[in-house]
Amino acid sequence: MKRGIIWLASYPKSGNTWFRIFLTNLLQNGDAPASINNLEKTPIASARDIFDDVTGIEASDLTADEIDRLRPELYTYLAENAEEQLFMKIHDAYTYLEDKRPLIPQKATRCALYFIRNPLDVAVSFAHHSGWNYDTSVTKMADDAFAFCSKSGRLHSQLRQKILSWSNHVLSWVNASPFPVCLLRYEDMKLQPLETFEKAVRFAGFPHTREQIQKAVDFSSFDVVQKQEEAESFKEKSSYPSVFFRKGKIGSWRKELNEDHVRQIIHDHQKVMHRFGYLDDKGNIIC
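Residues numbered from 1 in each chain as written. Predicted model: local features only at pLDDT ≥ 70, side-chain atom pairs only at ≥ 80, totals over all residues. Heavy atoms only, no water.

Draft legend 1. Structural view of the environment of Asp 144. Tracing the backbone shows Asp 144 in the loop between helix 5 (134-141) and strand 4 (147-148). Note on Asp 144: relative accessible area 42%, which makes it partly exposed. Here the alpha-carbon distance between Asp 144 and Asn 168, two residues 24 residues apart in the chain, equals 7.5 Å. In contact with Asp 144, not counting residues within four places along its chain, are Leu 164, Ser 165 and Asn 168. Within the structure, Asp 144 has its side chain in polar contact with the backbone nitrogen of Ser 165 (distance 3.0 Å). Looking at Asp 144, its side chain comes within polar contact range of the side chain of Asn 168, at 2.9 Å. (Helix = DSSP H or I, 4+ residues; strand = E, 2+ residues; numbered from the N terminus. Buried < 20%, exposed > 50% of the residue type's maximum accessible area, 1.4 Å probe, protein only. Contact = heavy atoms within 4.5 Å. Polar contact = N/O pair within 3.5 Å; in protein donor to acceptor, adjacent residues only side chain to side chain.)

Structure, rendered in structure tokens:
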């Protein structure tokens, strides 16, 4: 295998799509920002059409568990037959099947970039994205049974994705995966964009210059992608929010969440929040 997949992994609403836009700009290296609706080089691993096309089986004819049993072979096939470096966005936690095989096979993988964001801000962004109230968002972020596209009786556009709780999603990728993982904080992507995106590029082993990286950073700034969404919409947006790129700010939770929400999120995720710099040693919120 020449390359292997580079996974772009994250809990939802943690900067994954933003990085995909940066990566598209970096790879195209054009004289103008790449379209936010042209992210084909970074498809999502749970795409139903990819599964159907590669396996020759309609996912709608299988149960979610039957689909999961085929997904490791699917990714191995994609990695072995890729003509260029393959990136795949993924929201699945790093989990194991009933037969103890990992959903994400090591032999199909080159490495992973894992995007993490303060769960207080995730709760706000996730609620707006999904059409939930904040109570629901906070509750789902603590639920290890939480999954996307898991309801029976309807045909989802994506395959089932086991998300787990916010904390265990983070730990599943950072602690458990058997391949190299580079962790990127959303807050560092905002405050130190060149240094943080360059870290990701170097980890992936790409030869791009700092000037090329800076241009891609500029072309994927939040202001740029917001203007693009206003002009042409964003085809990956769900049906709930009016816009996908809503604010993207650090600390928006301070104006949105009440004290009970904040207290509950800290209670549910204190250890992981402290480990990755969202709480200090005394339990005070850092950002």
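Still more to cover.
Draft legend 2. Structural context of the environment of Phe 51. Secondary-structure assignment places Phe 51 in helix 2 (residues 48-55). With a relative accessible area of 0%, Phe 51 lands in the buried category. Note: C-alpha distance between Phe 51 and Tyr 114 (63 residues apart in sequence) is 23 Å. Apart from the residues within four sequence positions on either side, Phe 51 is in contact with Gly 56, Ile 57, Ala 59, Leu 62, Ile 67, Leu 70, Leu 74 and Leu 159.

Draft legend 3. Representation of the packing of aromatic side chains. Counted by the stated rule, this structure contains 18 aromatic pairs. Between Phe 19 and Phe 22, the ring centres sit 5.4 Å apart and the planes meet at 50°, which makes this aromatic pair tilted. Note that Phe 19 and Phe 22 are positioned in helix 1 (residues 16-28) at a spacing of three residues, about one turn of the helix. Taken individually, Phe 19 and Phe 22 each receive the classification buried, so the pair is uniform in this respect. Grouping aromatic residues by their ring pairs yields a cluster made of Trp 18, Phe 19, Phe 22, Phe 115, Tyr 186 and Phe 197. Lying across the ring of Tyr 186, Arg 117 places its NZ or CZ 4.1 Å from the centre. Its guanidinium or amino end placed over the ring of Trp 18, Lys 190 lies 5.8 Å from that ring's centre, counting from NZ or CZ. (Phe/Tyr/Trp six-rings, centres within 6.5 Å; stacked < 30°, edge-to-face > 60°. Lys NZ or Arg CZ within 6 Å of the ring centre and 35° of its normal.)

Draft legend 4. Molecular detail of a negative patch on the surface. A surface patch of negative charge is lined by Asp 49, Asp 53, Glu 58 and Asp 61. Mapped onto the elements, Glu 58 comes out in the loop between helix 2 and helix 3 (64-81). (Patch = residues over 30% accessible without salt bridge, like charges linked within 9 Å, V, L, I, M, F, W, Y side chains within 5 Å. Areas by Shrake-Rupley, 256 points an atom, 1.4 Å probe, with all protein chains shown as cover. Salt bridge = Lys/Arg side-chain N within 4 Å of Asp/Glu carboxyl O. Lys, Arg positive; Asp, Glu negative; His and termini not counted. Charge placed at Lys NZ, Arg CZ, Asp CG, Glu CD.)

Draft legend 5. Broad picture of the pairing of strand 1 (residues 5-10). The element strand 1 is extensively covered by neighbouring structure, given that six of its six residues are classed as buried. Of the strand pairs in this sheet, strand 1 and strand 3 (residues 109-116) are connected by six bridges, and their pairing is parallel. Within strand 3, the position partnered with Leu 8 by the bridge is Leu 113. In this structure, strand 1 lies alongside strand 2 (residues 87-90), joined through four bridges in parallel fashion. (Pairing = 2+ DSSP bridges.)

Draft legend 6. Local environment of empty space enclosed by the protein. Summed over the entire model, instances satisfying the criterion amount to two cavities of 30 Å³ or more. Size it by volume and the largest cavity reaches roughly 50 Å³. A breakdown of the residues in the lining of the largest cavity according to their chemical character gives three nonpolar, one polar and three charged. Forming the boundary of the second largest cavity are Phe 19, Leu 23, Leu 26, Phe 87, Leu 113, Ala 200, Val 201, Ala 204 and Phe 206. (1 Å grid on protein atoms, 1.4 Å probe; cavity = no way out; pocket = protein on both sides within 12 Å on 5 of 7 lines; lining within 4 Å. Points joined across faces, edges and corners; volume = space filled by probe spheres on them. Nonpolar A, V, L, I, M, F, W, Y, C, P; charged D, E, K, R; others polar.)

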